[in-house]
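Chain by chain, the residues run as shown.
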Amino acid sequence: MPSLKVKEKPRKSPAQSLPKTDSLAAKDKRYLWHPFTQMRDWQEEDILIIEKGDGVYLEDIHGKKYLDGVSSLWCNVHGHRVPEIDKAVSDQLKKIAHSTFLGLSNVPAIELAEKLIRIAPRGLTRVFYSDSGSSAVEVALKMAFQYWRQRGFPKKSKFVKLTQSYHGDTLGSVSVGGIELFHQIYGPLLFETYSAPAPYRYRWPSGDNPQKVMEESLAEMEKVLSLHKDEVAALIMEPLMQGAAGMIDQPAGYISRARELTKRYNTLLIFDEVATGFGRTGKMFASDHEKVTPDLMTVAKGITGGYLPLAATLATEEIYEAFLGPYSEFKAFFHGHTYTANPLAARAACASLELFEKNRILEKLPAKVEFLKQNLRNFYHLPIVGDIRQAGLMVGIELVKNKKTKEAYGWEEKIGIRVIQKAREKGAILRPLGPVIVLMPPLAMEKKELKELLDITYESIQETV
Ligand SMILES: *Cc1c(COP(=O)(O)O)cnc(C)c1O
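Residues numbered from 1 in each chain as written. Predicted model: local features only at pLDDT ≥ 70, side-chain atom pairs only at ≥ 80, totals over all residues. Heavy atoms only, no water.

Asker: Kindly report on the site of the ligand, identifying the contributing residues and their values.
Answerer: Residues in close proximity to the ligand include Trp74, Ser132, Gly133, Ser134, Tyr166, His167, Gly168, Glu238, Asp272, Val274, Ala275 and Lys301, which together make up its full environment. Backbone polar atom of Gly133 to an oxygen atom of the ligand: 2.7 Å apart, as the coordinates give it. Asp272 is positioned such that a nitrogen or oxygen atom in its side chain is 2.7 Å from a nitrogen atom of the ligand. Here the ligand loses 83% of its free accessible area of 380 Å² to cover by the protein chains. A class-by-class count of the residues in the shell around the ligand yields four nonpolar, five polar and three charged. (Near = heavy atom within 4 Å. Polar contact = N/O pair within 3.5 Å; in protein donor to acceptor, adjacent residues only side chain to side chain. Areas by Shrake-Rupley, 256 points an atom, 1.4 Å probe, with all protein chains shown as cover. Nonpolar A, V, L, I, M, F, W, Y, C, P; charged D, E, K, R; others polar.)

Here you go:
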């Protein structure tokens, strides 16, 4: 009997009939939804697909190399394909990739916790793991909130943040963020907070004298803390440099003064060191510059050297102890993710911290930081460079239409995006924050490569004018 079935040609998507590299781009555009991306524009773009990395370079599927100028979004430390970290992860793979941390423990996570406490600001004694900076911030907020309830001050439930701040994308971390656009969109879902002004020197209303900016901004912070002292659970801020806010640096002395104020008004201090941690600002943690110990500290990005997703919230013993009690009182901290304390990630983090010592990363930083600083001075010759802010290997170059009046570029002019597109053609991957060009080289980047990055950035700004 003849089959009634019509013989179907094997189904082939248009993408599959293209050469491999084109077909990857087509499949990306067919199946994916990228973060913080207008996908309609993405469809029109020539997209870059990374296949490999080596040292401080990334390589796309066509074999073209690019300097990793923002440390793969601020997390890479020692470069890519680092033999010691590769080995640590692959050795761990031979043991186990993952087991749960709820009700069980694991070897790398224990070893990492000890290492973290050893390098953390003195007084931080406990490590609570999670898997992204946003989660680490959520954890810190919940801990601060629950701490006061369990200490008998349930009214202390509000948070104070700095304006323009960024602490992640989950609803709690957006609530304590100050990026206006996100609040416009997600506002109805967010909880209420109080704000203290970021010490944004370049655009401070009464002029850019650092001492004056510091005194005036701290006076505002004090006003908020004193006015609401009975209801504030914690002040949350990035120490030294507000990264995603547009690289807003803080005057020397600011973080110790913030610590004093939080003590005076009996509120906790949360330092979000997700971006500033692990050598980024020139010391292991930004807190170390003024030897300040916060009550809670969040870390993520650089913790695994940029290998795997891992985060942690560090707490003092005093906070930790407020969560102890008879089981029946339900004082435990109710939070935990499926991949909390993932052994592969923890192993990568241990290897990264060992490399800090072995390669004397922190000792080598001052020379690199100074080199950047010296070379960045030239950038003021460019007609659109308004301000340059730097903390260690964390740099923001603010572009303006008019240097005298500090007139800002409109968002529709896409000034930052135009500059980084030029940089890409020249072989460096950058990512701007609006009109602020960010440089965040891996800590392992040598002077020669730093120079290359600076040259490409300089030329890209020059040619965009
Ligand atoms: C990136 C960042 C976060 C969010 O971390 P994710 O891992 O992206 O969730 C939080 N705080 C600061 C300061 C950051 O820079």
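Asker: Can you explain the sheet that holds strand β5 (residues 158-162)? Please cite residues and give values.
Answerer: Reading across the sheet, the seven strands line up as β4-β12-β11-β10-β7-β5-β6 and stay open at both edges, with mixed pairing between neighbours. Only two strands of the sheet have a single partner each, and these edge strands are β4 (124-130) and β6 (194-196). Direction aside, neighbouring strands of the sheet carry axes that sit 20 degrees apart on average. Relative to β6, β5 runs parallel, the two sharing three bridges. The residue of β6 that forms the bridge with Leu162 is Ala196. (Pairing = 2+ DSSP bridges. Helix = DSSP H or I, 4+ residues; strand = E, 2+ residues; numbered from the N terminus. Axes fitted to C-alpha atoms, helices over the stretch in contact; angles between N-to-C directions.)

Asker: Could you give an account of the packing of helix α4 (residues 83-93) against helix α12 (residues 343-358), naming the residues involved and the relevant values?
Answerer: Running from amino to carboxyl end, α4 crosses α12 at an angle of 150 degrees, the nearest separation of the two axes being 9 Å. By the angle class used here, α4 and α12 are roughly antiparallel. Two packed elements cross with a definite hand, and for α4 against α12 that hand is right-handed. Here Glu84, Ile85, Ala88, Val89, Gln92 and Leu93 of α4 lie close against α12, whose contacting residues are Pro343, Leu344, Arg347, Ala348, Ala351, Ser352, Leu355 and Lys358. (Parallel < 35°, antiparallel > 145°, perpendicular 65-115°, else oblique. Left-handed = near helix turned anticlockwise from the far one by under 90°. Contact = heavy atoms within 4.5 Å.)

Asker: I'd like a rundown of the domain arrangement of the chain, residues and numbers included.
Answerer: Partitioning the chain into domains gives domain 1 (48-78 + 361-464) and domain 2 (85-358). One C-alpha centre belongs to domain 1, the other to domain 2, and the line joining them spans 26 Å. Counting from both sides, the interface comprises 31 residues of domain 1 and, opposite them, 29 residues of domain 2. Interface area, domain 1 with domain 2, both sides summed: about 2500 Å², of which 60% is carbon and sulfur. Joining domain 1 to domain 2, the criterion identifies two salt bridges. Remark: the boundary between domain 1 and domain 2 carries 13 residue pairs in polar contact (both at pLDDT 80 or more). Tallied by class, the residues present in the side of domain 1 that touches domain 2 amount to 20 nonpolar, seven polar and four charged. (Domains from an automatic or database assignment. Buried area = accessible area lost by both parts, 1.4 Å probe. Salt bridge = Lys/Arg side-chain N within 4 Å of Asp/Glu carboxyl O.)

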